[in-house]
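One letter stands for each residue in the lines below.
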Amino acid sequence: MNKNESQYSKKNNSKKDVTGDDIFQMKSITKRFGGLKALNDISFNLKKNEITGLIGPNGAGKSTLFNVATSIYKPDSGKIFLMGENITGKRPHQICWMGISRTFQLAKTFLSMTALENVLVGAIYGHKPRARNVRQHAMEVLELVGLETKSDIITSQMTLSDRRLLEVARALVSQPFIMLLDEPMAGLNPSEIKKMLHVIEKAHKERNVSILWVEHKVEAIFSLCNRIIVLEYGQKIAEGKPEEIAQNNNVIEAYLGKPSS
Amino acid sequence: MSYFPSLAVFFQIIINGTFLGTMYGVAAIGLSLIFGCMQVLFIAQGTMMILAAYSVFWLVYFMSIDPLISILIIIPVFLVLGWIMYKGMFQRVSQAGPSSTLLLAFGLMVFMESMMLFIWSPNIRSVKTSYSTSAFQIGDITISVSRLIVTVVAGIATCLVYLFLKKTMTGKAIRGVSEDRVTGMLLGINPNRVSAITFAIGIAMAGVAGVATCLIYPFDPYFGFLFSLKALIAIAFGGLGSVGGALLGGIILGILESLSSYTISPGWADAIAYAAFILVLIFRPQGLLGKAADKV
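Residues numbered from 1 in each chain as written. Chains lettered and ligands numbered in written order. Predicted model: local features only at pLDDT ≥ 70, side-chain atom pairs only at ≥ 80, totals over all residues.

Description of the overall build of chain A
Then step 1. From N to C terminus, chain A includes 10 helices and 10 strands.
Then step 2. Over its C-alpha trace chain A gives a radius of gyration of 18 Å, about what one expects of a compact globule, namely 18 Å for 261 residues.
Then step 3. Relative to its full complement of 261 residues, chain A shows a buried share of 45%.
Then step 4. Partitioning the contacts of chain A with sequence separation of at least 6, the portion at a separation of at least 24 is 67%. (Helix = DSSP H or I, 4+ residues; strand = E, 2+ residues; numbered from the N terminus. Rg over C-alpha atoms; globule rule 2.2 N^0.38 Å. Buried ≥ 20, exposed ≤ 12 C-beta atoms within 10 Å, placed from the backbone. Contact = placed C-beta atoms within 7 Å.)

Re the interface of chain B and chain A
Then step 1. On the side of chain A, 23 residues touch chain B, which itself brings 15 residues to the contact.
Then step 2. Of all the secondary-structure elements, those providing two or more residues to the side of chain B that touches chain A are α6 (169–179) and α7 (181–186) of chain B.
Then step 3. Among the elements that make up the side of chain B that touches chain A, the one with the highest residue count is α6 of chain B (six residues).
Then step 4. Residues that form the side of chain B that touches chain A fall into these classes: seven nonpolar, four polar and four charged. (Nonpolar A, V, L, I, M, F, W, Y, C, P; charged D, E, K, R; others polar.)

Quick look at the nonpolar core
Considering soluble globular proteins, one finds that nonpolar side chains tend to be buried as a cluster.
Then step 1. Counting 160 residues, the largest nonpolar core has A169 of chain A together with A27, M205 and V208 of chain B as the members making the most contacts within it.
Then step 2. Ranked by the residues each element gives to this core, the list is headed by helix α8 (residues 191–216) of chain B, at 16 residues. (Core = buried A, V, L, I, M, F, W, Y, C linked by C-beta atoms within 7 Å.)

Focus: the confidence of the model for chain A
Then step 1. Mean pLDDT over chain A stands at 85; residues scoring 70 or higher make up 90%.
Then step 2. Low pLDDT (under 50) marks residues 1–19 of chain A, which in the prediction has 13 contacts with non-local residues, meaning those over four places away or in another chain. (pLDDT = per-residue confidence, 0-100.)

Quick word on the pairing of strand β2 (residues 36–47) of chain A
Then step 1. Of the pairings in the sheet, the one linking strand β1 (residues 22–33) of chain A to β2 of chain A comprises eight bridges and is antiparallel in character. What sits directly across from F24 of chain A, in β2 of chain A, is L46 of chain A. (Pairing = 2+ DSSP bridges.)

A short note on the sheet that holds strand β8 (residues 210–214) of chain A
Residues and elements named next belong to chain A.
Then step 1. Judged by pairing direction, the sheet is mixed, and its six strands sit side by side in the order β6-β7-β8-β3-β9-β10 without closing on themselves. One side of each edge strand has no neighbouring strand; the edge strands of this open sheet are β6 (100–102) and β10 (235–240). For this sheet, the mean angle separating the axes of adjacent strands, direction not counted, is 20°.
Then step 2. Examined bridge by bridge, strand β9 (residues 227–232) and β10 share five bridges and lie antiparallel to one another. Each residue of the ladder has a partner; that of E232, found in β10, is Q235. (Axes fitted to C-alpha atoms, helices over the stretch in contact; angles between N-to-C directions.)

Remarks on the pairing of β1 of chain A
Residues and elements named next belong to chain A.
Then step 1. Here β1 hands over to β2 after two residues, with G34 in that stretch at a positive phi of 60°.
Then step 2. Pairing between β1 and strand β4 (residues 77–82): five bridges, direction antiparallel. Following the sheet pairing, F24 is matched in β4 by L82.

As for the confidence of the model for chain B
All names here are of chain B.
Then step 1. For chain B, per-residue confidence averages 87 on the pLDDT scale, and residues scoring 70 or more make up 96% of the total.
Then step 2. For the stretch residues 292–296, pLDDT sits under 50, and the model shows two contacts to residues farther than four places along the chain or on other chains.
Then step 3. Note on the complex model: pTM 0.85, ipTM 0.82.

Here's the deal with the environment of Y86 of chain B
Residues and elements named next belong to chain B.
Then step 1. Tracing the backbone through its elements, the reader meets Y86 in helix α3 (residues 67–93).
Then step 2. Given 25 C-beta atoms within a 10 Å radius, Y86 is considered buried.
Then step 3. Between the alpha carbons of Y86 and A231 there is a distance of 20 Å; along the sequence they are 145 residues apart.
Then step 4. Apart from the residues lying within four places of it in its own chain, the contact partners of Y86 are Q91, S195, A196 and F199.

Written out as structure tokens, the structure is:
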């Protein structure tokens, strides 16, 4: 890990855009769909080894933000930096090689393949230069998420919860700096949520990965996140520590509506 | 004149249909792979087959190379040709959407037909070999040696493609991108590279099917479009997205054609095949063998 950290600091020193621990920055990102501004002048930083929550009502622009961060969408204006390097306009697979991986709300594992094959694809294609001992890497991440005994099951036959965990494993195996989690708890029951929370915490600690996490289960996100960003109608309406966000009037209004005086 | 065949004749029809259908199936595998991976309906697939058939014709005519040996030349040449076609044309045009790629494929088909007319004239050609007319008997059933060879070659090509997709990491990447392009990209798979490989394999399969065709049938430059349609029907029967399904769909089509030519009349064979195609599309759009799409 020390080696990794020296790599961070080397890059940090060489580029002016990075200040301190910020490894990912969005600067004034705007994304329009027709007349609708899905993202309006969004700026934020992700710090090394932090878990950042991203919350907001439906349609606030959370998914759009993920799609812009992974270059599925090109922003209309603004820039994105990873480790100080401008990654705006790179192609999605290059973004993955550079160290951003993500999971999907709909748990998009490859359904015709086994759990291990899914992770192997991520291990082989997700990292440049190609890692050695990909199979070992793959088994390690499967173990981390607790799927090591289910590695040979075709994923179309797995439960939603297991497929979500598999997505986390597949995202981790490309050795990312940042992992984007898109509602990993949606549709899970309380015991599965507990397991997922545990896995996210473990992944964060053991893999030194920063996490940006979209979630509707607010209790879950408040329990793990160092910082929370709140979006509404494509705008950032609040950012801060969980306890600050819980007190923030804008946020309360966005979720509960304006108090009728 | 229509009547029901005796058992021996029935088996003979099934075997002939299987031989015929294997060619459709091999062409269909290429079409299905290309469509699955990049949503391109490569309507020029049959014309590529005919191009391969003419190439074999020349190899036999000028260099006296046996058609079966010529497969070893056709496959690598068509792999490279497919790669170039994707990199040079389809990669660029696919950004403009599926209707543009369909038009491009159609244009390519007409272009190649015209070139072949120019080079080889509209006369019907055929490839003759020492074993063209040899056959052997099992009971009352006659089996043509060249058809048997063709079927075996097609079977081997199918197995190789199947194993490639199933066992190699590149194959898994192709399956991944076919299943979900965006997810594949976000896992670090370069979609253009995977598409180029898939296109190359698809065109090589057209090459194999073309070699098979010229051993059995006379052909002219316009034959290709008919084979493209037959390959489409085979995919509709077998269900999109599986190698085995495409081959089996081709064989079903071949048997259907030879059965209806015998029991009704050869003139009706095509009409019946297309009618079955339409019925399958209406009532079982996932194919006779395909599973119903998962409802989300």
